[in-house]
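Architecture and fold: a report
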Protein chains: 2
Amino acid sequence: MSQGNRCVSIQADQARACTVREALDRVGGKWSIGILIAASQGPIRFTELERQVEGISRRMLTLTLRNLERDGLLHRQVHPTVPPRVEYTATPMAQELYESLVALTRWAERHREGISAARAAYDREHGAPVG
Amino acid sequence: MSQGNRCVSIQADQARACTVREALDRVGGKWSIGILIAASQGPIRFTELERQVEGISRRMLTLTLRNLERDGLLHRQVHPTVPPRVEYTATPMAQELYESLVALTRWAERHREGISAARAAYDREHGAPVG
DNA sequence: CAGCATCCCAAGAGATACTG
DNA sequence: CAGTATCTCTTGGGATGCTG
């Protein structure tokens, strides 16, 4: 996942935009949020994540876990048993992140209808999305 | 930009995740935020956006504008003069969205250092990103 | 000026077989 | 069990020439 946004030498209001993107880049992937939330309830194993986060492939689960771990949002605990047992836990930083996302959740709930109305209107005026 | 997340028949905590993604999908693109913020200051023309949102291509500007308009986040006002004059303005819904993003901004600022420290540590333990 | 059309490339993501 | 390796396909995005 990309992290090439340096935020240098840009206008004042675009700098704010850039700070927001910093946060979004950590959570923008298709699966990050789902994993983070599942791991917020307490330690959770790889296979359990695979079940709880619906539709995720093994590959994307691994990749997303690695990125979240690298960013310090997940802690990875390996138990050297056989068969192996690896547990993931959301760090305090990730918990805080989720709380910040609540505002966004509420926005989405408040405007869910408004948005689909806007879309319907747009698609009526212009050509429908498919057709 | 994708909108294939239907949020049906999933576990309770993953439903929350899905609501968050609803909001993120509207703002997840590389350019949405920059455009939204620029258009929050008042009506702004196509070419001005092209200048203020640094690095954006003509194509992506057009595409992102269309999506934001369709979602009801931007209002598009055409003045039928010659040469043409088109102005974009953030809707109240978009203004609210930005306010919700403030929490996220603050999170990013608070943890900017923590994150890059985590990355440095990770890259030290495992192989460096390029190496 | 605003913005579509076209071409091209890279990153994101799905499926799945294999392994310590 | 918890991944890695590989292959493929789709999507996002850059560059740019053309036009009402």
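Now for a look at the structure at hand. (Residues numbered from 1 in each chain as written. Chains lettered and ligands numbered in written order. Predicted model: local features only at pLDDT ≥ 70, side-chain atom pairs only at ≥ 80, totals over all residues. Heavy atoms only, no water.)

1. Observations regarding the sheet that holds strand S1 (residues 44–45) of chain A
All names here are of chain A. Taken in spatial order, the 3 strands of this open sheet run S1-S3-S2, and their pairing is antiparallel. Either end of the sheet is taken by a strand with one partner, and the two such strands are S1 and strand S2 (74–79). Both S2 and strand S3 (residues 85–90) contribute to a ladder of 6 bridges, which runs antiparallel. In the sheet register, His79 faces S3, and the bridge partner there is Arg85. Relative to S3, helix H2 (residues 32–40) is tilted by about 95°, and along the sheet it contacts S1, S2 and S3. (Pairing = 2+ DSSP bridges. Helix = DSSP H or I, 4+ residues; strand = E, 2+ residues; numbered from the N terminus. Contact = heavy atoms within 4.5 Å. Axes fitted to C-alpha atoms, helices over the stretch in contact; angles between N-to-C directions.)

2. A closer look at the protein's contact with DNA strand D
In the vicinity of DNA strand D, 22 residues are found, and the nearest of them are Thr47, Thr62, Arg76 and Tyr88 of chain A together with Arg59 of chain B. Separating a base nitrogen of DNA strand D from a side-chain N or O atom of Arg59 of chain B is a distance of 2.3 Å. For the surface near DNA strand D, the secondary-structure elements that each account for two or more residues are helix H3 (46–52), helix H4 (58–70) and S3 of chain A together with helix H4 (58–70) of chain B. Counting residues per element, the surface near DNA strand D draws most heavily on H4 of chain A, which supplies 4 residues. (Near = heavy atom within 4 Å. Polar contact = N/O pair within 3.5 Å; in protein donor to acceptor, adjacent residues only side chain to side chain.)

3. Considerations on the pattern of salt bridges
A side chain with one charge can pair with a side chain of the opposite charge if their charged atoms come near. All names here are of chain A. Summed over all chains, the structure comprises 16 salt bridges over all chains. Arg26 is paired through a salt bridge with Asp71; the nearest N and O atoms lie 3.5 Å apart. One end of the pair, Arg26, is in the loop between helix H1 (12–25) and H2; the other, Asp71, is in the loop between H4 and S2, with 45 residues separating them in the sequence. Since its relative accessible area comes to 13%, Arg26 is described here as buried. (Salt bridge = Lys/Arg side-chain N within 4 Å of Asp/Glu carboxyl O. Buried < 20%, exposed > 50% of the residue type's maximum accessible area, 1.4 Å probe, protein only.)

4. Observations regarding the side chain of Glu22 of chain A
With respect to the helices and strands, the residue Glu22 of chain A is situated in helix H1. By relative accessible area, which is 16% here, Glu22 of chain A ends up buried. Dropping the residues within four chain positions of it, Glu22 of chain A is found in contact with Cys7 of chain A together with Ala108 and Arg112 of chain B.

5. Side note on H1 of chain A
In this model H1 of chain A runs 20 Å from its N-terminal to its C-terminal C-alpha over 14 residues, within 8% of the 20 Å that 1.5 Å per residue would give. Of all 14 residues that make up H1 of chain A, 11 are buried, and the element is covered over most of its length. Where H1 of chain A is concerned, the buried positions are Asp13, Gln14, Ala17, Cys18, Thr19, Val20, Arg21, Glu22, Ala23, Leu24 and Asp25 of chain A. Here the buried face of H1 of chain A lies against helix H1 (12–25), helix H2 (32–40), helix H3 (46–52) and helix H5 (92–125) of chain B. (Expected span 1.5 Å × (residues − 1).)

6. Thoughts on the side chain of Gln14 of chain A
Structurally, Gln14 of chain A can be placed in helix H1. Classification of Gln14 of chain A by relative accessible area gives buried; the value is 7%. Those residues in contact with Gln14 of chain A, other than ones at most four positions away along the chain, are Gly34, Ala38, Gln52 and Val53 of chain B.

7. Topic: the interface of chain B and chain A
Of the residues lining the interface, 53 residues belong to chain B; the matching set on chain A comes to 53 residues. Summed over the shared surface of chain B and chain A, the number is 8 salt bridges. The salt bridge partner of Arg119 of chain B is Asp71 of chain A, with a shortest N-O separation of 2.7 Å. Viewed at the interface, chain A and chain B are joined by 21 residue pairs in polar contact (both at pLDDT 80 or more). Mapped by element, the contributors of at least two residues to the side of chain B that touches chain A are H1, H2, H4 and H5 of chain B. It is H5 of chain B that provides the largest number of residues to the side of chain B that touches chain A, a total of 20 residues. Each residue belonging to the side of chain B that touches chain A can be placed in one class, and the counts come to 22 nonpolar, 14 polar and 17 charged. (Nonpolar A, V, L, I, M, F, W, Y, C, P; charged D, E, K, R; others polar.)

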